[in-house]
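Here is what each chain is made of, one letter per residue.
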Amino acid sequence: TCVLWLEEVSSTQDVAKEKELPSGCVVVANRQLSGRGRRGRRWFSQEGGLYFSLLLRTAPIRDEQTITLVAAHAVCRFLQKEGVHASIKWVNDVYVKGKKISGALAERSKDKLILGIGINVNQGSFPEDVPAISMRMVTGKEYDKKRILLELLGFLEEDIRLLMNKGFSPFRDVIEERLLFLGEEVIVEDAGDITVGLLHHLGEDGSLVILTADGYKRILAGDVSLKS
Ligand code: BTN
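Residues numbered from 1 in each chain as written. Predicted model: local features only at pLDDT ≥ 70, side-chain atom pairs only at ≥ 80, totals over all residues. Heavy atoms only, no water.

A.B. asks: A description of the domain arrangement of the protein should follow, citing residues and the corresponding values.
C.D. replies: The domain boundaries assigned to the protein delineate domain 1 (3-177) and domain 2 (185-226). When each unit is reduced to the centre of its C-alpha atoms, the spacing between domain 1 and domain 2 is 24 Å. Each partner contributes residues to the interface: domain 1 has twelve residues there, and domain 2 has 17 residues. Together domain 1 and domain 2 conceal approximately 1100 Å² of surface at their shared face, both sides included; 47% is due to carbon and sulfur atoms. (Domains from an automatic or database assignment. Contact = heavy atoms within 4.5 Å. Buried area = accessible area lost by both parts, 1.4 Å probe.)

A.B. asks: Which residues make up the side chain of Lys89, and what values do they have?
C.D. replies: Checked against the element boundaries, Lys89 lands in strand S4 (residues 87-89). Buried and unpaired, Lys89 has no salt bridge, with Asp93 as the nearest side chain of opposite charge at 4.1 Å. Ignoring any residue separated from it by four or fewer positions in sequence, one finds Lys89 in contact with Tyr95, Leu180, Phe181 and Val224. (Helix = DSSP H or I, 4+ residues; strand = E, 2+ residues; numbered from the N terminus. Buried < 20%, exposed > 50% of the residue type's maximum accessible area, 1.4 Å probe, protein only. Lys, Arg positive; Asp, Glu negative; His and termini not counted. Salt bridge = Lys/Arg side-chain N within 4 Å of Asp/Glu carboxyl O.)

A.B. asks: Tell me about the sheet that holds strand S2 (residues 26-32), and name the residues and values.
C.D. replies: Here seven strands make up an open sheet; going across it, the order is S1-S2-S3-S7-S6-S5-S4 and the pairing mixed. The open sheet has two edge strands with one neighbour each: strand S1 (3-9) and S4. Averaged over all neighbouring strand pairs, the angle between strand axes comes to 20 degrees, with direction disregarded. In this sheet, strand S3 (residues 50-56) lies alongside S2 in antiparallel orientation, the contact comprising four bridges. Residue pairing across strands places Val28 opposite Phe52, the latter belonging to S3. (Pairing = 2+ DSSP bridges. Axes fitted to C-alpha atoms, helices over the stretch in contact; angles between N-to-C directions.)

Written out as structure tokens, the structure is:
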């Protein structure tokens, strides 16, 4: 595998965009000064976590959102193998015990698709206002980040290949099984547009289907939270 492992960067997404790397290469950093998440949010990137961007040049993937959902699923499969049971908070977040352990972000730049993954591995704690958890905080173990990277890449590559060959349908059921808030009353917020209802199921295309007072509504983008 082609891996460029750096100590500190602004964001591995930017390094992967700027460098002329072959498809399949990975840019990893121990720290990011401006790690970012979806919708311009910040991704807390202190020492101890694993932060990487996988460069895909050939990916004929139309929508960035589906690949982040599939990536979140690959992270869950990896975590399961490590004895950590995780759920997917639609569309790109991985949660354990109500806290975020990992997130995925896909960005396009010309002919490149850059899939960024952040996973909390060896951090011992987080600031109080950051609702996050690490693998170590769950299991009490310290992990070798090189091993984590290589094994996680195995799951990711397998799932991305399946997505490219067969589309989203092989993932629908398994992702729905891991979906956080399934069958619960939720609020979905998308750029000021609010939908309230029961998280009914995951659509064939990976969209969220919400049962509202006016019937079923298909959600293609937004942030889901539990209705309190
Ligand atoms: C999210 O929570 O919305 C996604 C978080 C993605 C974070 C990863 S860490 C590696 C890569 N570099 C970044 O700046 N972001 C992604």
